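Close look at the chain arrangement
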Amino acid sequence: MARPGVRATDAKKINSELFTLTYGALVSQLLKDYENAEDVNRQLDRMGYNIGVRIIEDFLARTSTARCTDMRDTAEKIQSAFKMYLGVNPTVTSWSSASDEFSLLFDQNPMTEFVELPESCLSLKYCNLFCGIIRGACEMVQLEVTSWFVQDSLKGDPTTELRVKFVKKLEDAMPAGED
Amino acid sequence: MSSLKLKTTILDRSISKGKNEVSLNGFALLFSEIVQYCQNRVSTVPELQAKLSEFGQQVGIRMLDLLIVREKNGKREIKLLQILIFIKSTVWKSLFGKEADKLEHANDDDHTYYLIEKESLVNKFISVPKDKGNLNCAAFSAGIIEGILNTSNFPAKVTAHWHKGTTYMIKFDESVILRDKQLEGR
Amino acid sequence: MAIYSIYILSKSGGLIYQYDHTSIKVEVEKTFSYPLDIQLTEKNKRIVVAYGQKDGINIGHILLAVNGSQLNGTSLGDGQEVTAFLANESNYPVNLKFGRPKLSTNDKMFLASGFYSFYLIARQLSPVLASSGIEFLEADTFKLHGFQTLTGIQFLIVTEPNQMNVEHLLRRVYELYADFALKNPFYSLEMPIRCEKFESNLRLVLEQQEESSVNTA
């Protein structure tokens, strides 16, 4: 009973189509509201950031994770979060030689299930929400990272590749008293 | 440039079976973000509900296509009661994992129906602050119903209210009621 | 077994939530005759027992009511100063009600941020890196349990000394925060939590916890 972590209520799942279509409705609304794909990308990143700074608490509350000590650790946590929230298992790969940069490869992605980009939207980064989420979530555990899409299967690339790069440790934001 | 690459289009894939699942927690955060986005662009509660309803309508229209192909063999509902039952059971079960609790016909108005659910999935984590009056974010779900009805050629207005949990008030256009009576006569 | 109260501190040390679950009411009433055999003094605009502890009236208790009517600071309902009233023999016998002062919201905020600094000091005192900080603090009448998340939010629970399973409860409260505060579009980060569903679910969890520890005891 005292076991933290998996509990019946946490495992609550919903049909991925509700999620996919709701996200689709959001992107199409943003395209109407902004008319410029670059601005939509920025807005998606911003909304992702807002989700990221909240989802990290959910992740920590439900997994009793210890603080990451290196980027490989972080990559593993991000990977498991994708599994936990979206039911996908991206591959972690293409490490830089300094081990400060890696890629997540998505061979499957519920966000794009019903999506086809029209020619007019080729500069749209449909899943840019992910970049914001990762940035926001890492920032809350005092890690500054950047992330961006290198490949996008919606644009005819063979796969979808998200790159994540370590920038710096946010020492000032460390919970006081922790080193 | 990218159009030169070989693309598999969405039509080359088989239609999803609707069995994939994602976490409710992830959805709740996305929905919360959508509510905040809407809230920043309107100034009143009715406007906010209308905005949420628009989002829902987009979802409803697409869900209808999907369910008609997958569950209904391509056949659409043409009778009023049938489409309401289709929404109460098939749509609600697919989207929210369970049927809506009740479907009622208004006593005093044959244009009006009520679909009732004790707790709307979208409201699970939401506490509406006092200054937001009777805002119900299930306006989003009301939009889903409205999107489905309008696309199925049952023009109607659907609104969400705090009553027995959440009650969706479905007000059909006069033409729908007339047509349905004619169908019955045959 | 009882859970007294819960505090949540933001990562900057501000109190964003406080809830008193089981409060212990300490109130003692007694009728006195002249002269008053208990020393009272005025402190922070309240009348406090300074000396002469007796019959459950303890040093530090404050005077709450005189002859059944509530005090307003140091004065009676009609505006008369209590000290003058009690010095007058003709007002005796008099019925006085004493009790433990309740913490005001300001007191709580002040104490919470004080504890926060204390917590930091404790961590720095640790000779070993990455200390958990204060996990609990035990006193004869209560036990304070703390938990700081990796993001810096602090959860504090004050219980009876023998309350079991509080570690589990702390995590449960963290989950409730992640659900009913953070997934609520009307809650802004770092701000006081005023979410109906957060509070009602918290109350439920606390009641379940108290019940289950009674059953296993």
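Just so it is clear, the model here is predicted, and its values are computed rather than measured.

1. A few points about the nonpolar core
- Counting 139 residues, the largest nonpolar core has Leu149, Ile170 and Phe172 of chain B together with Tyr177, Ile193 and Phe198 of chain C as its most contacted members.
- In terms of residues, this core owes the most to one element, helix 2 (residues 37-63) of chain A, which gives eleven residues.
- Beyond its immediate chain neighbours, meaning those up to four positions away, Phe172 of chain B contacts Leu80, Leu84, His111, Tyr113, Leu149, Phe154, Pro155, Ala156 and Ile177 of chain B.
- Membership of the second largest hydrophobic core comes to 18 residues, among which are Phe32, Leu36, Ile38 and Leu86 of chain C.

2. Observations concerning the side chain of Ser94 of chain B
- On the secondary structure map, Ser94 of chain B appears in helix 3 (residues 80-96).
- A polar side-chain atom of Ser94 of chain B sits 2.7 Å from the main-chain carbonyl oxygen of Thr90 of chain B.
- Excluding anything up to four places from it in sequence, Ser94 of chain B contacts Asn15 of chain A together with Met63 and Leu67 of chain B.

3. Some details on unusual backbone geometry
- Here Tyr34 of chain C and Pro35 of chain C are connected by a cis peptide whose omega angle stands at -10°.
- For Pro35 of chain C, the location among the structural elements is in the loop between strand 3 (27-32) and strand 4 (39-43).
- With omega at -5°, the peptide bond leading from Tyr92 of chain C into Pro93 of chain C counts as cis.
- Relative to the assigned elements, Pro93 of chain C resides in the loop between helix 1 (82-87) and strand 8 (94-99).
- Phi angles above zero are rare outside glycine, and Ser94 of chain A is one such case at about 55°.

4. Examining helix 3 (residues 166-181) of chain C
- When the terminal C-alpha atoms of helix 3 of chain C are compared, their 21 Å separation across 16 residues agrees well with the 22 Å that a helix rising 1.5 Å per residue should span.
- Across the 16 residues of helix 3 of chain C, 15 count as buried, placing the element largely inside the fold.

5. Regarding the confidence of the model for chain B
Residues and elements named next belong to chain B.
- Looking at chain B, pLDDT values average 91 and 91% of them are 70 or higher.
- Ranking the helices and strands of chain B by mean pLDDT puts helix 4 (residues 139-151) first, with 98, and helix 5 (residues 174-185) last, with 90.
- Ignoring residues within four places in sequence, the model shows residues 1-5, a span with pLDDT below 50, making five contacts including any to other chains.
- Among the prediction metrics, the complex's ipTM stands at 0.91, with pTM recorded as 0.88.

6. Considerations on the confidence of the model for chain A
Residue and element names in this part refer to chain A.
- For chain A, per-residue confidence averages 90 on the pLDDT scale, and 92% of positions sit at 70 or higher.
- The secondary-structure element of chain A with the lowest mean pLDDT is strand 1 (residues 13-15), recorded at 92, while helix 4 (residues 128-140) shows the highest, at 97.
- Under a pLDDT of 50 for its full length, residues 1-10 has, in the predicted model, 16 contacts with residues more than four places off or in other chains.

7. Comments concerning the packing of helix 2 (residues 45-71) of chain B against helix 3 of chain B
All names here are of chain B.
- The contact between helix 2 and helix 3 brings their axes to 11 Å, and the two run at 100°. The angle between helix 2 and helix 3 falls in the class roughly perpendicular. Taken together, the residues of helix 3 that come into contact with helix 2 (itself represented by Met63, Leu64, Leu67, Ile68 and Glu71) are Phe86, Thr90, Val91, Ser94 and Leu95.
- Taken together, the residues of the contact of helix 2 with helix 3 sort by class into seven nonpolar, two polar and one charged.

8. Observations regarding the pairing of strand 2 (residues 15-20) of chain C
Residue and element names in this part refer to chain C.
- Of all six residues in strand 2, five are buried, a share of seventy percent or more.
- Judged from the five bridges that link them, strand 1 (residues 3-9) and strand 2 form a sheet pairing that is antiparallel. Across the sheet, the residue bridging to Ser5 is Asp20, located in strand 2.
- Where strand 1 folds back on strand 2, the antiparallel hairpin that results is connected by five residues, among which Gly13 adopts a positive phi of roughly 95°.

9. A closer look at the interface of chain B and chain A
- Each side of the interface is counted separately: chain B has 39 residues, and chain A has 46 residues.
- For the pair chain B and chain A, the summed buried area comes to about 3900 Å², and 62% of that belongs to carbon and sulfur atoms.
- Where chain B packs against chain A, one counts two salt bridges.
- Ionic pairing is found between Arg41 of chain B and Asp33 of chain A, a salt bridge with its closest N-O pair at 3.6 Å.
- In this assembly, chain B and chain A are joined by eight residue pairs in polar contact (both at pLDDT 80 or more).
- Where the side of chain B that touches chain A is concerned, the elements lending two or more residues are strand 1 (21-23), helix 1 (24-39), helix 2 and helix 3 of chain B.
- Ranked by the residues each element gives to the side of chain B that touches chain A, the list is headed by helix 1 of chain B, at ten residues.
- Classifying every residue of the side of chain B that touches chain A gives 17 nonpolar, twelve polar and ten charged.
- When strand 1 of chain A meets strand 1 of chain B, the two strands line up antiparallel, connected through three bridges. Bridge pairing links Asn15 of chain A to Glu21 of chain B in strand 1 of chain B.

10. Here's the deal with the sheet that holds strand 3 (residues 112-117) of chain B
All names here are of chain B.
- Within the open sheet, the four strands sit side by side as 2-3-5-4. Their pairing is antiparallel. Looking at the sheet topology across the chains shown, the edges are occupied by strand 2 (102-105) and strand 4 (156-162). With direction set aside, neighbouring strand axes in the sheet form an average angle of 20°.
- Examined bridge by bridge, strand 4 and strand 5 (residues 166-172) share seven bridges and lie antiparallel to one another. The partner of Ala156 across the bridge, within strand 5, is Phe172.

Calculation criteria
Residues numbered from 1 in each chain as written. Chains lettered and ligands numbered in written order. Predicted model: local features only at pLDDT ≥ 70, side-chain atom pairs only at ≥ 80, totals over all residues. Heavy atoms only, no water. Core = buried A, V, L, I, M, F, W, Y, C linked by side-chain atoms within 4.5 Å. Buried < 20%, exposed > 50% of the residue type's maximum accessible area, 1.4 Å probe, protein only. Helix = DSSP H or I, 4+ residues; strand = E, 2+ residues; numbered from the N terminus. Contact = heavy atoms within 4.5 Å. Polar contact = N/O pair within 3.5 Å; in protein donor to acceptor, adjacent residues only side chain to side chain. Expected span 1.5 Å × (residues − 1). pLDDT = per-residue confidence, 0-100. Axes fitted to C-alpha atoms, helices over the stretch in contact; angles between N-to-C directions. Parallel < 35°, antiparallel > 145°, perpendicular 65-115°, else oblique. Nonpolar A, V, L, I, M, F, W, Y, C, P; charged D, E, K, R; others polar. Pairing = 2+ DSSP bridges. Buried area = accessible area lost by both parts, 1.4 Å probe. Salt bridge = Lys/Arg side-chain N within 4 Å of Asp/Glu carboxyl O.

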